[in-house]
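Reading the structure
If you want the building blocks of each chain, they are given just below.
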Amino acid sequence: MPSDCAGLRLDQALARLLPEFSRSRLALWVRREQVAVDGRKVPPRHKVWGGEKIRVVPAADPQMLAFRPQEIPLDIVFEDDTLLVVNKPAGLVVHPGSGNWDGTLLNALLRHAPRLAQLSRAGIVHRLDKDTSGLMVVAKTLAAHADLVRQLQARSVTREYLAVARGRIGRDGSIEAPIGRHPVSRTRMAVVARGKSATTHYQVLEQFHDATLLRCRLETGRTHQIRVHLASIGHPLIGDPVYGGRKTSSSAAGAGFARQALHAERLELVHPSSKRKRSWHARPPRDMRDLITRLRIES
């Protein structure tokens, strides 16, 4: 350790000697005992005085490894030189993040179309929750990416979902309620006064004994919007592990459903190149079709 680092904390000294790495990452390496001072493991606050021998064993950053192609099957509904539309299965994470650094839709897209690596988030312009199935559009060029983002901001992209909610909903309606981070549980969203404006329209398609099949149309695209909005009116989605609440449904048919019953069924937008309206439709997956069949039988 150079003498001009004398008196510094170990993480401060490392940040000076290894500027290519962030101080937080260096401190993490120290806490994980990947840094030794004279052969000893010490905490990040350990002070150095110069002359010590420092050994650093860098760890591979999962975030740097995340953006790599992987052979993951894709259900491609439409593709041309400008965009592609995929039918995402439930259980597939859209974008790498904490706890899911690979095996995502992004990794699959990079394998399918390597040039997507040149675009932000591999051309992904909107997301679906991990356990929500259905249609997503992906840009294949910078111009298409900018165009699709503008359409989403202008709320001109039509996104319709099939949802199975707990309880009987009597008529069509709309929910206009701002959504933001839950004031206590920061991993959840909630209807909060200072949240971002959010509007969900819903149409009753079929009523069951203790559940309702809905078609929901988004005006806005807030995180977990349909799940939060329906829960806020007392009709959370069947199977929702986060917003379903402690009260269980009296429906035996829906009791064992393993994910939120939500599917992005229809997508409509203006094609960035042709400037013509295009729409795509994806049938709900087998688990949701089986759920609806069971609910009909039960009713």
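Notes on the structure follow. What you see is a predicted model, and the numbers here were worked out from it, not measured in a lab.

**A closer look at the nonpolar core**
Within soluble globular proteins, side chains that are nonpolar tend to cluster in buried spots. Within the largest apolar cluster, 32 residues are counted, with the highest numbers of intra-cluster contacts made by Leu116, Tyr161, Leu214, Cys216 and Leu230. The element best represented in this core is helix H4 (residues 105–112), accounting for 4 residues. When near neighbours in sequence (up to four residues on either side) are disregarded, Tyr161 contacts Leu128, Thr132, Leu214, Arg215, Cys216, Leu218, Ile226, Leu262, His263, Ala264 and Glu265. Val125, Val137, Ala139 and Ala282 belong to the second-largest nonpolar core, a separate cluster that totals 14 residues.

**Points about the pattern of salt bridges**
As enumerated under the stated definition, the model contains 15 salt bridges in all. In this structure, the salt-bridge partner of Glu79 is Lys140, at a minimum N-O distance of 2.8 Å. Of this pair, Glu79 sits in strand E4 (residues 76–79) while Lys140 sits in the loop between strand E6 (133–139) and helix H5 (142–153), and the two are 61 residues apart along the sequence. With relative accessibility at 10%, the residue Lys140 sits in the buried group. Note that Arg227 is salt-bridged to Asp240, the shortest N-O span being 2.8 Å. Of this pair, Arg227 sits in helix H6 (residues 225–232) while Asp240 sits in the loop between H6 and helix H7 (252–255); the two residues are 13 residues apart in sequence, bridging distant segments of the chain.

**Describing the environment of Asp81**
The residue Asp81 is located in the loop between E4 and strand E5 (83–88) in this model. By relative accessible area, which is 62% here, Asp81 ends up exposed. Residues Asp81 and Gly167, spaced 86 residues apart in sequence, show a C-alpha to C-alpha distance of 45 Å. Among residues more than four places away in sequence, those in contact with Asp81 are Arg115, Lys140 and Thr141.

**Section: the sheet that holds strand E2 (residues 40–41)**
Pairing is antiparallel in the open sheet, where 3 strands are placed in the order E2-E1-E3. Every interior strand has two partners, whereas the edge strands, E2 and strand E3 (54–56), have only one. Summarising the sheet, strand E1 (residues 35–37) and E3 pair through 3 bridges and their orientation is antiparallel. Paired with Ala36 across the bridge in E3 is Arg55.

**A word on the packing of aromatic side chains**
All chains considered together, the criterion is met by 1 aromatic pair. With 5.4 Å between their ring centres and 45° between their planes, Phe78 and Trp280 make a pair best called tilted. One end of the pair, Phe78, is in strand E4; the other, Trp280, is in strand E14 (residues 277–281), with 202 residues separating them in the sequence. A relative accessible area of 16% means that Phe78 is categorised as buried. Judged by its relative accessible area of 7%, Trp280 is buried. Taking NZ or CZ as reference, Arg278 lies 4.7 Å from the ring centre of Phe78, over its face.

**Remarks on the environment of Thr132**
Within the secondary structure layout, Thr132 lies in the loop between H4 and E6. In this structure, Thr132 is in contact with Lys88, Pro89, Ala90, Tyr161, Arg259, Gln260, Leu262 and His263, ignoring residues within four places of it in sequence. Engagement of the side chain of Thr132 in a polar contact is seen with the side chain of Gln260, the distance being 3.1 Å.

Rules of the game
Residues numbered from 1 in each chain as written. Predicted model: local features only at pLDDT ≥ 70, side-chain atom pairs only at ≥ 80, totals over all residues. Heavy atoms only, no water. Core = buried A, V, L, I, M, F, W, Y, C linked by side-chain atoms within 4.5 Å. Buried < 20%, exposed > 50% of the residue type's maximum accessible area, 1.4 Å probe, protein only. Helix = DSSP H or I, 4+ residues; strand = E, 2+ residues; numbered from the N terminus. Contact = heavy atoms within 4.5 Å. Salt bridge = Lys/Arg side-chain N within 4 Å of Asp/Glu carboxyl O. Pairing = 2+ DSSP bridges. Phe/Tyr/Trp six-rings, centres within 6.5 Å; stacked < 30°, edge-to-face > 60°. Lys NZ or Arg CZ within 6 Å of the ring centre and 35° of its normal. Polar contact = N/O pair within 3.5 Å; in protein donor to acceptor, adjacent residues only side chain to side chain.

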